[in-house]
Amino acid sequence: MPFELPDNLHPDCGPVAWLLGRWGGRGHGDYPTIEGFQYGQELVFTHDGRPFFHYFSRSWIVDEAGEKVREAAQEAGFLRCRPEGKVELLLTHNTGFVEIWYGEAADGKLELATDAVVRTESAKEYTGGKRLYGNVEGDLLYAYDMAAVGQPLQPHLWARLVRQ
């Protein structure tokens, strides 16, 4: 699907402009403390001309045939664009976490690492993560590594999403 840069795009958002829009697809998840799974996902990045994007993601667990089994994670926040490809990501999760991420974007790639994680008393233990987003042949590929429930940082989620 073709993509055009918006006329009112803030210059600091240039390195992540390719993320704008609605993305959907399927991914895989695994971690030592859970059984592997497949999921469907929708990501939405919007903007209003200021130097940030609003971000929303929702996912659902699917079976081997790709049929929805149940709702899963949701997250919402702001991708704040700084000069020279620097980015800040503020995220809130339905599972009881709030995170601050820092990273860099260039050449169709966005890399982020957590700087701070705060969780509610009912949330599972989660201590940090790394995210990598890439524009590969016009699709959005990403990988998310997580440190949680006594486990060190390691792969948890990966997906390939297409522009909707």
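Residues numbered from 1 in each chain as written. Predicted model: local features only at pLDDT ≥ 70, side-chain atom pairs only at ≥ 80, totals over all residues. Heavy atoms only, no water.

Undergrad: Can you lay out the overall build of the protein chain for me, pointing to particular residues and giving the numbers?
TA: Per the secondary structure count, the protein chain includes zero helices and ten strands. Starting at the N terminus and ending at the C terminus, the protein chain contains elements arranged as β-β-β-β-β-β-β-β-β-β. In terms of C-alpha radius of gyration, the protein chain reaches 16 Å, essentially the compact-globule figure of 15 Å for 164 residues. Projecting the C-alpha coordinates of the protein chain onto the three principal axes gives extents of approximately 45 × 35 × 25 Å. Across the 164 residues of the protein chain, 40% fall into the buried class. Across the protein chain, every contact between residues at least 6 apart in sequence was considered, and the portion connecting residues at least 24 apart equals 38%. (Helix = DSSP H or I, 4+ residues; strand = E, 2+ residues; numbered from the N terminus. Rg over C-alpha atoms; globule rule 2.2 N^0.38 Å. Buried < 20%, exposed > 50% of the residue type's maximum accessible area, 1.4 Å probe, protein only. Contact = heavy atoms within 4.5 Å.)

Undergrad: Talk me through the packing of aromatic side chains; I want residue IDs and the actual numbers.
TA: By convention here, two paired aromatic rings are described through the distance between centres and the angle between planes. By the definition in use, this model includes seven aromatic pairs. Geometrically, the ring pair formed by W101 and Y144 is tilted, given 6.4 Å between the ring centres and 55° between the ring planes. One end of the pair, W101, is in strand β6 (residues 97-106); the other, Y144, is in strand β9 (residues 139-148), with 43 residues separating them in the sequence. By the burial criterion, W101 is buried, and Y144 matches it. (Phe/Tyr/Trp six-rings, centres within 6.5 Å; stacked < 30°, edge-to-face > 60°.)

Undergrad: An account of the nonpolar core is needed here, citing residue identities and associated values.
TA: Counting 36 residues, the largest nonpolar core has V16, F45, L79 and L110 as the members making the most contacts within it. The element contributing the most residues to this core is β9, with five residues. When residues no more than four places from it in sequence are discounted, the contact partners of V16 are F53, L79, C81, V87, A105 and L110. (Core = buried A, V, L, I, M, F, W, Y, C linked by side-chain atoms within 4.5 Å.)

Undergrad: Let's hear about the environment of L141: which residues, and what values?
TA: Considering the arrangement of structural elements, one finds L141 in strand β9. When the C-alpha positions of L141 and P51 are compared, they lie 23 Å apart, and in sequence the two are 90 residues distant. If we ignore the near neighbours within four places in the chain, the residues touching L141 are L132, Y133, G134, V136, A159 and R160.

Undergrad: Describe the pattern of salt bridges, and please don't skip the residues or the numbers.
TA: Overall, the coordinates contain eleven salt bridges when judged by the stated rule. Linking R50 and D48 is a salt bridge whose minimum nitrogen-to-oxygen distance equals 2.7 Å. Among the residues examined, D48 registers a relative accessible area of 40% and is labelled partly exposed. Among the salt bridges present, the one from R82 reaches E88, with a minimum N-O distance of 3.9 Å. Overall, E88 belongs to the buried group, its relative accessible area being 19%. Counted as one network, the salt bridges with shared partners bring together R22, E42 and R58. (Salt bridge = Lys/Arg side-chain N within 4 Å of Asp/Glu carboxyl O.)

Undergrad: Give a detailed account of unusual backbone geometry, specifying residues and quantitative values.
TA: Generally, phi is negative for residues other than glycine and the peptide bonds are trans, each holding for most cases. Not every positive phi belongs to a glycine, and D107 is a case in point at roughly 55°. Locating D107 in the fold gives a position in the loop between β6 and β7 (109-119). Even without glycine at this site, V149 takes up a positive phi of about 40°. For V149, the position within the fold is in the loop between β9 and β10 (154-163).

Undergrad: Tell me about the pairing of β7, and name the residues and values.
TA: Bridge count for β6 against β7 is ten bridges, and the pairing is antiparallel. Of the residues in β7, the one forming a bridge with E99 is V117. From the end of β6 to the start of β7, which pair antiparallel, there are two residues, and D107 there has a positive phi angle of about 55°. Two strands pair when backbone bridges link them, and β7 and strand β8 (residues 126-136) are joined in this way by five bridges, in the antiparallel orientation. (Pairing = 2+ DSSP bridges.)

Undergrad: Requested: an account of the environment of D107, with residues and values cited.
TA: Owing to a relative accessible area of 83%, D107 belongs among the exposed residues under this scheme. Considered as a pair, D107 and C81 are 26 residues apart in the sequence and their alpha carbons are 15 Å apart.

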